[in-house]
Amino acid sequence: FPVTIAAICTDKDLSKSLISTVYNSERRRDRREKVEKEFQREGLEHIEFFTATDGCDHPRMNKGECGCTDSHIRVWNDIVAKGHPWALVFEDDARLVEGFKGALDEVLNVLPADWDYVNLGTVPGLHLFERRVSRNLIKGSSTTTHAYLISQKGAQHLKHWKTSDVHFIIDMQVARTPMNMFYVEKPLAYQNVSGWPIIGFLWSMIDGDLVVYRDWE
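Here goes a summary of the coordinates provided. (Residues numbered from 1 in each chain as written. Predicted model: local features only at pLDDT ≥ 70, side-chain atom pairs only at ≥ 80, totals over all residues. Heavy atoms only, no water.)

**Remarks on the state of the cysteines**
With the rule as written, the count across this model stands at one disulfide. Cys56 shares a disulfide with Cys66; S-S distance 1.9 Å. When the S-S torsion is -105 degrees, as for the bridge of Cys56 with Cys66, the disulfide is left-handed. Taken together, the residues span a long stretch of sequence, with Cys56 in the loop between strand S3 (47–51) and helix H2 (63–82) and Cys66 in helix H2 at a distance of ten residues. Residues Cys56 and Cys66 agree in their burial class; the two are buried. This cysteine, Cys68, is not joined by any disulfide, and Cys56 carries the nearest cysteine sulfur, 9.8 Å off. (Disulfide = S-S within 2.5 Å. Helix = DSSP H or I, 4+ residues; strand = E, 2+ residues; numbered from the N terminus. Buried < 20%, exposed > 50% of the residue type's maximum accessible area, 1.4 Å probe, protein only.)

Here is the structure:
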């Protein structure tokens, strides 16, 4: 099942941020070790691990999708409860690009004050373009939730969701939600296969973390 990792940031300077991670269980220790190496390589410190939902039952999702959905909802509620102004959230199969901090700073420097959500791991073709904000930042919605920024306002908007009421896998549900959303054109994080986001996306499907889109309405 997927593991959700939340890097809670209280300052736009990541070196001053508290980074907290959420992991699934000891049986996926391999994922935790891999993502720890990603953080270490990019100089992200002050990691705190916290347990995510290890699968659950849902009439429209498999156990992995349900666990992933529930984990993200719990993360949003935690962000709101702790009053963090914004958070950087990963799933445990995320692989960061080299120079992640500098690339993230570029995004933070051009975000409008009223932003809600920024997808940092966009898969080509799985997004809806509205307008370009900067060289790498686009206003619009997109799928995948393995790496994203969410503001306190955005988390408050989503925290009321109940896993049992969600109709789609979590990234599809978020993409359909009216918020001030953005995505990066060149990903800052990939899934599993660094440099090949679509392969990483497909590998996550094979690994059982997600399935192809299904219309349940």
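Having seen it, we continue.
**Looking at the packing of aromatic side chains**
A full pass over the atoms with the stated rule returns four aromatic pairs. A ring pair is formed by Trp76 and Trp161, whose centres lie 5.5 Å apart and whose planes are at 80 degrees; its orientation type is edge-to-face. A residue pair is termed long-range when its members are at least 10 positions apart, and Trp76 in helix H2 and Trp161 in the loop between helix H4 (152–158) and helix H5 (170–175) qualify at 85 residues. The exposure classification of Trp76 matches that of Trp161, with both residues buried. A cation sits over an aromatic face here: Lys139 above Phe182, 5.6 Å from the ring centre. (Phe/Tyr/Trp six-rings, centres within 6.5 Å; stacked < 30°, edge-to-face > 60°. Lys NZ or Arg CZ within 6 Å of the ring centre and 35° of its normal.)

**Quick notes on the pairing of strand S10 (residues 181–184)**
The alternating pattern of S10 places Met181 and Tyr183 and Phe182 and Val184 on opposite faces, both of which are buried. Two strands pair when backbone bridges link them, and strand S6 (residues 117–119) and S10 are joined in this way by three bridges, in the parallel orientation. Each bridged residue has a counterpart across the sheet, and for Asn119 the counterpart in S10 is Tyr183. As defined by bridge partners, strand S8 (residues 137–142) adjoins S10 across three bridges and the pair is classed as antiparallel. The residue bridging Lys139 from the neighbouring strand is Phe182, located in S10. (Pairing = 2+ DSSP bridges.)

**Description of the nonpolar core**
Formed by 25 residues in total, the largest nonpolar core has its most connected members in Phe90, Phe100, Leu104, Leu111, Val118, Leu120 and Leu149. Those elements giving two or more residues to this core turn out to be helix H1 (29–41), strand S4 (86–91), strand S5 (94–96), helix H3 (100–110), strand S9 (147–151), S10 and strand S11 (189–191). Per element, the largest residue contribution to this core is four residues, and it comes from H3. Met61, Val80, Phe168 and Ile169 belong to the second largest nonpolar core, which has 23 residues in total. (Core = buried A, V, L, I, M, F, W, Y, C linked by side-chain atoms within 4.5 Å.)

**As for H3**
By the burial criterion, the buried members of H3 are Phe100, Leu104, Val107 and Leu108. Each buried residue of H3 sits inside an arc of 100 degrees when the element is viewed along its axis, so together they form one side. Where H3 is buried, its residues contact S4, S5, S6, S8, S9 and S10. (Arc of directions from axis to C-beta. Contact = heavy atoms within 4.5 Å.)

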